[in-house]
Protein chains: 2
Amino acid sequence: MYVDLGNGLASVASPGVSRDSLERLDERVAGAHERIERGRGEEEFGYAALNLPQETDASAIEEAVAPLSGTESVLTVGIGGSALGAATISGALGLSDTYVLDNVDPARTRDTLSSLDLADTAMHVVSRSGTTVETLANFLVVREAFEQEGVDWTERTIVTTGEDGPLRTLADRHDLPTLAAPEGVPGRFAALSSVGLVPAAIRGADIEGMLAGAWEGTDMGDIEGSLFETPAYAYGAATYALCERGASVNAMMPYAEDLECFAEWFAQLWAESLGKDGLGQIPARAMGATDQHSQLQLYRAGPRNTMVTLVRPRERPEHTIPETDFGSLSYLGGESLGGLIDAEFEATEASLAAAGRPSIRVEIDRLDARGVGDLLYGMELACVLVGELMGVETFAQPAVEWGKRATRGLLGAEGDFEEAEAVGEKSRLAVSPDR
Amino acid sequence: MYVDLGNGLASVASPGVSRDSLERLDERVAGAHERIERGRGEEEFGYAALNLPQETDASAIEEAVAPLSGTESVLTVGIGGSALGAATISGALGLSDTYVLDNVDPARTRDTLSSLDLADTAMHVVSRSGTTVETLANFLVVREAFEQEGVDWTERTIVTTGEDGPLRTLADRHDLPTLAAPEGVPGRFAALSSVGLVPAAIRGADIEGMLAGAWEGTDMGDIEGSLFETPAYAYGAATYALCERGASVNAMMPYAEDLECFAEWFAQLWAESLGKDGLGQIPARAMGATDQHSQLQLYRAGPRNTMVTLVRPRERPEHTIPETDFGSLSYLGGESLGGLIDAEFEATEASLAAAGRPSIRVEIDRLDARGVGDLLYGMELACVLVGELMGVETFAQPAVEWGKRATRGLLGAEGDFEEAEAVGEKSRLAVSPDR
């Protein structure tokens with residue numbers, strides 16, 4: 001990962017951070033780095049995620065999925081961190097015929113199932129606890145669909161879950177191939193494990209290359225504890241400094257359609273890890289060049305509360321624009337689509353600078369397995385650094401529990417769910433049309 | 001559209017708005033309503049958009065697309081407002097085999113073209129000015145692909161553009177069926193015209209019902225100028241009040257996968273219309289129930305700068321969850337997926353209220369043509385109201401021009417583009433890995 005902070009400097013933008021401030025901040029980065037290294041060394045909860053590129057056993061994953069390789073479609077059933085990593089990796093690598101059920105929307109579930117040839121579909125069910133309501137509901141629905149088609153679902157299913165829980169019990173009972181969700185790693189940090197890699201492995205992608213790209217892209221064998229040396233720390237530290245100075249929103253804007261899901265993955269990583277104790281930074285999502293015709297108006301001329309993260313691969317496939325009979329657009333003929341999107345990337349970066357709005361540039365070599373590993377891991381490390389600098393509990397997510405308990409109560413699960421009662425006490429000020 | 005402001009009240013949330021403040025604000029809503037009505041009556045630029053449900057000639061669109069009906073795939077080539085409306089409508093109605101090229105990403109363009117049977121594909125090219133670089137580049141690429149497949153592209157292409165410009169000239173030269181982009185309507189407000197309706201019409205969707213749903217859902221024949229009477233004004237006024245009180249971010253969170261693109265459309269509408277003069281509100285996007293496992297942590301426990309807009313259809317298709325052999329999850333058996341997602345909707349709304357965070361509930365009857373028309377038009381009217389209350393130029397987008405000029409300069413278009421020079425003067429602080 002390559003990071004350029006030039007357009008986040010106070011000499012360019014407001015909010016912006018001065019070089020002097022970055023020098024001072026670098027002392028705190030060094031301290032945070034020591035904390036991170038200790039956590040990694042002791043395999044502490046969460047910090048253990050940063051060892052995944054070395055700990056994940058790619059061969060074991062490849063062996064487990066071997067009976068399913070060559071399958072026409074691959075369906076992931078999970079939610080949140082148990083689905084987004086897989087979707088991000090499949091999307092970024094442009095893997096075809098990979099699908100995700102990560103919601104309990106009856107229309108989407110119906111449409112997905114009706115579009116699949118279940119006799120030629122592999123299903124990956126992912127839930128660390130083995131109790132996730134949405135995932136198990138979808139699993140039950142898909143299993144029934146397999147049965148209705150006369151397909152032996154046990155031949156087409158692979159499970160990733162923890163050491164125990166209902167999903168492990170079920171997998172054992174039906175003798176399903178089962179991979180262990182990594183210990184001590186929250187779902188949103190688990191992309192570079194079986195949780196995120198199984199669909200790519202079924203599709204024959206280079207998952208070893210992805211792990212190597214993660215490790216080597218950040219030079220983790222010999223990492224420096226300085227924002228001026230380590231790109232992921234540069235991104236994290238500058239983002240923290242900009243947030244402190246008023247950039248309460250971080251607009252993630254990749255210039256590659258295949259990174260659309262990456263922006264969503266980043267949003268989860270950033271929101272769930274840092275959104276605590278009244279702190280955090282709001283991730284917004286945009287797509288370059290498309291959203292230059294949309295959200296850019298706001299980022300250039302709206303409130304000074306937003307920084308933009310511009311992401312691109314340095315190399316793209318070639319696609320030449322044909323010569324044209326539009327007189328005024330003849331300059332496009334012979335240009336490449338890649339050249340056009342790269343010109344737009346640089347134009348947008350300059351247009352933000354011209355308006356005095358901060359942006360950070362993040363680049364990878366190309367959108368291949370190594371590049372994707374590099375990008376995901378770099379952002380994870382950046383996020384852990386920001387958590388240290390903010391002083392929040394990066395690896396917890398206490399605020400999502402309330403709603404889970406209320407849902408269970410509303411659905412009549414056994415137990416005492418007082419949260420469900422609060423749902424009935426809703427404050428109302430309803431405005432309806434006259435009809 | 002049904003709107004419930006109960007959880008945005010100061011008695012529930014901070015930031016929140018008191019009933020007294022809403023009463024006072026309603027006088028300004030009445031004044032803004034008069035301004036809007038005058039603009040509509042005089043067909044002023046932008047305000048004219050609010051007449052589209054009556055002005056759009058559904059039969060003319062249906063007639064123009066008739067030769068293409070029954071086509072296997074429908075491809076829209078446009079960008080920004082010239083693509084998002086079509087994508088939103090196709091997505092919300094669950095129309096299959098509709099595709100969009102709204103970026104100049106060579107990988108995506110290649111993958112899209114290779115997945116299509118061009119001999120059985122209809123192409124809708126949309127550019128009001130007829131000069132949009134990205135759209136014309138993609139058009140040239142797709143046209144070449146048609147030719148390489150030996151398909152007569154002139155038989156498979158329909159154009160929506162303005163009265164003149166290069167695209168109009170080309171359409172005339174090749175005798176293509178051409179629809180007029182509506183006069184005086186910026187692209188982001190043009191979904192309910194040929195700009196947004198053509199793919200749905202090719203697919204045989206009920207576009208007349210959509211226009212009727214827009215008009216009748218807001219009761220535009222007899223609209224009341226009060227936030228307590230008109231749901232779209234309730235949404236707009238409360239959002240404005242919450243923004244004034246610190247909700248600088250609006251997280252749009254539909255509980256329906258088919259509304260994913262709607263959230264993107266809303267983000268453009270909100271960002272490009274209101275992001276001016278240092279004002280505006282940042283649209284963020286989330287998906288219920290999925291993002292309860294992700295961004296909800298931030299919205300409940302992060303900075304008090306966010307309001308959440310919860311959107312759902314009141315009716316959904318049925319899909320029963322099968323009885324289960326997971327002991328602890330037997331309460332799910334016999335429940336429906338729709339019942340589950342609705343329980344999650346109410347649980348999330350209550351969980352935000354329990355944390356003192358503001359939300360607004362928006363509902364439509366169902367995700368059909370009428371409901372989608374109702375929702376899109378309601379949000380457009382709400383946006384126009386917020387623009388009046390903020391005092392910004394809702395229908396302009398001056399800040400996006402700089403980057404367009406820089407891009408043209410970088411690509412060597414004829415003319416004097418001094419913006420391109422600024423691109424070369426980029427401020428740098430690059431951090432690269434050691435390798």
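Residues numbered from 1 in each chain as written. Chains lettered and ligands numbered in written order. Predicted model: local features only at pLDDT ≥ 70, side-chain atom pairs only at ≥ 80, totals over all residues.

1. Observations concerning the overall build of chain A
Part 1 of the argument: A count of helical and extended segments in chain A gives 16 helices and eleven strands.
Part 2 of the argument: For 435 residues, the compact-globule estimate of 2.2 N^0.38 gives 22 Å, and the C-alpha radius of gyration of chain A, at 23 Å, lies within 12% of that figure.
Part 3 of the argument: Overall, the C-alpha framework of chain A stretches about 65 × 65 × 55 Å when taken along its three principal axes.
Part 4 of the argument: Looking at chain A residue by residue over its 435 residues, the buried ones come to 63%.
Part 5 of the argument: For chain A, restricting intrachain contacts to residue pairs at least 6 apart in sequence, the fraction spanning at least 24 positions comes to 76%. (Helix = DSSP H or I, 4+ residues; strand = E, 2+ residues; numbered from the N terminus. Rg over C-alpha atoms; globule rule 2.2 N^0.38 Å. Buried ≥ 20, exposed ≤ 12 C-beta atoms within 10 Å, placed from the backbone. Contact = placed C-beta atoms within 7 Å.)

2. Regarding helix 5 (residues 106-115) of chain B
Part 1 of the argument: Taken residue by residue, helix 5 of chain B has Pro-106, Ala-107, Arg-108, Thr-109 and Leu-113 of chain B as its buried positions.
Part 2 of the argument: In this fold, the buried residues of helix 5 of chain B make contact with helix 13 (337-354) of chain A together with strand 3 (98-101) and helix 6 (133-148) of chain B.

3. A few points about the relation of the copies chain A and chain B
Part 1 of the argument: Aligned on chain B, chain A shows an RMSD of 0.0 Å; the corresponding rotation is 180 degrees and the shift along the axis is 0.0 Å. Taken together, the rotation and translation describe the operation of a two-fold axis. Residue Ala-284 of chain A, judged by its C-alpha, is the member of chain A lying nearest the rotation axis, at 2.5 Å.
Part 2 of the argument: Both copies contact each other with a shared surface, as 99% of the interface residues of chain A are interface residues in chain B too. (Least-squares fit on C-alpha atoms with pLDDT ≥ 70 in both.)

4. Topic: the interface of chain A and chain B
Part 1 of the argument: Tallying the contact residues gives 128 residues for chain A and 127 residues for chain B.
Part 2 of the argument: Per-element tally for the side of chain A that touches chain B: the top contributor is helix 13 of chain A, with 13 residues.
Part 3 of the argument: A per-class count over the side of chain A that touches chain B returns 62 nonpolar, 38 polar and 28 charged.
Part 4 of the argument: Here two bridges tie strand 11 (residues 430-431) of chain A to strand 1 (residues 2-4) of chain B, and the two strands are oriented antiparallel to one another. What sits directly across from Ala-430 of chain A, in strand 1 of chain B, is Asp-4 of chain B. (Nonpolar A, V, L, I, M, F, W, Y, C, P; charged D, E, K, R; others polar. Pairing = 2+ DSSP bridges.)

5. Regarding the confidence of the model for chain A
Part 1 of the argument: With 99% of its residues at a pLDDT of 70 or more, chain A shows a mean pLDDT of 95.
Part 2 of the argument: Under the prediction, the complex receives an ipTM of 0.95, its pTM being 0.97. (pLDDT = per-residue confidence, 0-100.)

6. Describing the domain arrangement of chain A
All names here are of chain A.
Part 1 of the argument: Looking at chain A, the domain boundaries give domain 1 (2-39 + 213-390) and domain 2 (70-203).
Part 2 of the argument: Here the C-alpha centre of domain 2 lies 31 Å away from the C-alpha centre of domain 1.
Part 3 of the argument: Across the contact, 19 residues belong to domain 1 and 15 residues belong to domain 2.
Part 4 of the argument: For the side of domain 1 that touches domain 2, the secondary-structure elements that each account for two or more residues are helix 11 (260-274) and helix 14 (369-390).
Part 5 of the argument: For the side of domain 1 that touches domain 2, the element with the most residues is helix 11, which contributes nine residues.
Part 6 of the argument: Residues of the side of domain 1 that touches domain 2, tallied by class, amount to eleven nonpolar, three polar and five charged. (Domains from an automatic or database assignment.)

7. What to know about the sheet that holds strand 5 (residues 157-161) of chain B
Residue and element names in this part refer to chain B.
Part 1 of the argument: Strand order in the open sheet formed by five strands is 3-2-4-5-6, with parallel pairing between adjacent strands. Each having just a single partner strand, strand 3 and strand 6 (178-180) make up the two edges of the open sheet. Between one strand and the next, the sheet's axes are offset by a mean angle of 20 degrees, whatever the strand orientation.
Part 2 of the argument: Note: strand 2 (residues 73-77) against strand 4 (residues 121-127), five bridges, orientation parallel. Opposite Val-74, over in strand 4, you have Ala-122 as the bridge partner. (Axes fitted to C-alpha atoms, helices over the stretch in contact; angles between N-to-C directions.)

8. Topic: the pairing of strand 9 (residues 306-315) of chain B
All names here are of chain B.
Part 1 of the argument: Counting buried residues in strand 9 gives eight out of ten residues, a clear majority hidden from the surface.
Part 2 of the argument: The pairing of strand 7 (residues 249-254) with strand 9 spans six bridges and is parallel. Looking at strand 9, one finds that Met-252 is bridged to Thr-309.
Part 3 of the argument: Bridge count for strand 9 against strand 10 (residues 359-366) is seven bridges, and the pairing is parallel. By the bridge assignment for strand 10, Val-308 is matched with Ser-359.

9. Here's the deal with the sheet that holds strand 2 (residues 73-77) of chain A
All names here are of chain A.
Part 1 of the argument: Overall, parallel pairing links the five strands, which are arranged 3-2-4-5-6 in an open sheet. Every other strand in the sheet has two partners, leaving strand 3 (98-101) and strand 6 (178-180) as the edge strands with one partner each. Strand after strand, the sheet turns through a mean of 20 degrees between neighbouring axes, direction not considered.
Part 2 of the argument: The pairing of strand 5 (residues 157-161) with strand 6 spans three bridges and is parallel. In the strand pairing of strand 6, Thr-161 is matched with Ala-180.
Part 3 of the argument: Along the sheet, helix 4 (residues 81-92) makes contact with strand 2, strand 3 and strand 4 (121-127), crossing strand 3 at roughly 160 degrees.

10. Regarding helix 10 (residues 231-244) of chain B
All names here are of chain B.
Part 1 of the argument: Taking 1.5 Å of rise per residue, 14 residues should cover 20 Å, and helix 10 covers 20 Å from first to last C-alpha, within 8% of that figure.
Part 2 of the argument: Across the 14 residues that make up helix 10, a large majority, 13, are buried.
Part 3 of the argument: In the stretch just after helix 10, Gly-246 is the one whose phi turns positive, near 120 degrees. (Expected span 1.5 Å × (residues − 1).)

11. So, unusual backbone geometry
Part 1 of the argument: Look at the link from Ser-14 of chain A to Pro-15 of chain A: it is a cis peptide, with omega at 0 degrees.
Part 2 of the argument: In this structure, Pro-15 of chain A sits in the loop between strand 1 (2-4) and helix 1 (19-41).
Part 3 of the argument: The amide bond that connects Gly-288 of chain B to the next residue, Ala-289 of chain B, takes the cis arrangement and shows omega of -5 degrees.
Part 4 of the argument: By the element assignment, Ala-289 of chain B lies in the loop between strand 8 (282-285) and helix 12 (296-301).

12. Description of the environment of Asp-374 of chain A
Residue and element names in this part refer to chain A.
Part 1 of the argument: In this fold, Asp-374 is placed in helix 14.
Part 2 of the argument: Overall, the presence of 26 C-beta atoms within 10 Å leaves Asp-374 in the buried class.
Part 3 of the argument: C-alpha separation for the pair Asp-374 and Glu-323, spaced 51 residues apart in sequence, amounts to 37 Å.

13. Things to note about the environment of Ala-350 of chain A
Part 1 of the argument: Relative to the elements of secondary structure, Ala-350 of chain A occurs in helix 13.
Part 2 of the argument: As a C-alpha pair, Ala-350 of chain A and Asn-7 of chain A span 343 residues in sequence and 8.5 Å in three-dimensional space.
Part 3 of the argument: Filtering out sequence-adjacent residues up to four positions away, Ala-350 of chain A remains in contact with Ala-406, Ala-422, Val-423 and Lys-426 of chain B.

14. Considering the packing of helix 1 (residues 19-41) of chain B against helix 14 (residues 369-390) of chain B
Two numbers describe a pair of packed helices, the interaxial angle and the distance between the axes.
All names here are of chain B.
Part 1 of the argument: Interhelical geometry of helix 1 versus helix 14 gives an angle of 115 degrees and a closest axis separation of 10 Å. When the axis of helix 1 is compared with that of helix 14, the two are roughly perpendicular. The two elements helix 1 and helix 14 meet at a crossing, and its hand is right-handed. Contacts between helix 1 and helix 14 pair Arg-28, Val-29, Ala-32, Arg-35 and Ile-36 from the former with Val-384, Leu-385, Glu-388 and Leu-389 from the latter. (Parallel < 35°, antiparallel > 145°, perpendicular 65-115°, else oblique. Left-handed = near helix turned anticlockwise from the far one by under 90°.)

15. Concerning the environment of Ala-205 of chain B
All names here are of chain B.
Part 1 of the argument: Looking at the secondary structure, you find Ala-205 in the loop between helix 8 (194-202) and helix 9 (207-217).
Part 2 of the argument: Along the sequence, Ala-205 and His-33 sit 172 residues apart, while their C-alpha atoms lie 32 Å from each other.
Part 3 of the argument: In this structure, Ala-205 is in contact with Leu-93, Leu-95, Ala-200 and Ala-369, ignoring residues within four places of it in sequence.

16. Focus: the packing of helix 9 (residues 207-217) of chain A against helix 14 of chain A
All names here are of chain A.
Part 1 of the argument: Closest axis-to-axis distance for the helix 9/helix 14 pair is 7 Å, and the angle between their directions is 50 degrees. By the angle class used here, helix 9 and helix 14 are oblique. In this structure, helix 9 crosses over helix 14, and the sense of that crossing is right-handed. Between helix 9 and helix 14, the contacting residues are Ile-207, Gly-209, Met-210, Leu-211, Ala-212, Gly-213, Ala-214 and Gly-217 on the first element and Ala-369, Arg-370, Gly-371, Val-372, Gly-373, Asp-374, Leu-376, Tyr-377 and Gly-378 on the second.
Part 2 of the argument: Classifying every residue of the contact of helix 9 with helix 14 by side-chain character gives nine nonpolar, six polar and two charged.

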